Amino acid sequence: MTRDELVKWIKKLRESGELWRFYKSKEWRHLKDEVLKEQHFECQICKQQGIITKADTVHHNQFVTKHPSLALSKFYYYKGKKYRNLIGVCKACHNKLHPEKHGKKKLNQVTEERW
């Protein structure tokens, strides 16, 4: 799938209220598994705090809805600097990163340099 096809597909899914289909796609599931393995199934946020917690999901630092072209990208570049787009996280940290889904206060802004 090209980036243009990916963007078009994600926009269509979002408009139809079916973005969940992206997260069920074989492309995403394969990439998610790859990222979790590379990061040793450890929550990267907990790890920063010296705590080892099992990561069970992968978070997009650049949200799929805002940056659909990066939905299947492990990294991205901004102003010539490389940043990690996908990080393994535990459920608790993922919920803190997405307070809009749970009506809670957001975890302090995650800075890219940490990853």
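Up top you'll find the structure we're talking about.
Residues numbered from 1 in each chain as written. Predicted model: local features only at pLDDT ≥ 70, side-chain atom pairs only at ≥ 80, totals over all residues. Heavy atoms only, no water.

Attention shifts here to unusual backbone geometry. Even without being a glycine, His40 presents a positive backbone phi close to 55°. Although it is not a glycine, Phe41 sits at a positive phi angle of roughly 55°. Secondary-structure assignment places Phe41 in the loop between α3 (26-38) and α4 (44-48). What makes Phe41 partly exposed here is its relative accessible area of 38%. (Helix = DSSP H or I, 4+ residues; strand = E, 2+ residues; numbered from the N terminus. Buried < 20%, exposed > 50% of the residue type's maximum accessible area, 1.4 Å probe, protein only.)

A few words now on α3. The end-to-end C-alpha distance of α3, which contains 13 residues, comes to 18 Å, matching closely the 18 Å that a straight helix rising 1.5 Å per residue would cover. Burial in α3 covers these residues: Trp28, Leu31, Val35 and Leu36. All buried residues of α3 fall inside an arc of 135° around its axis, so they share one side. Facing away from the buried surface of α3 by more than 90 degrees, the exposed residues are Lys26, His30 and Lys37. Residues of α3 that are buried in the fold lie against α2 (20-24), β1 (57-60) and β4 (86-89). His40 sits one or two positions beyond α3 and adopts a positive phi of about 55°. (Expected span 1.5 Å × (residues − 1). Arc of directions from axis to C-beta. Contact = heavy atoms within 4.5 Å.)

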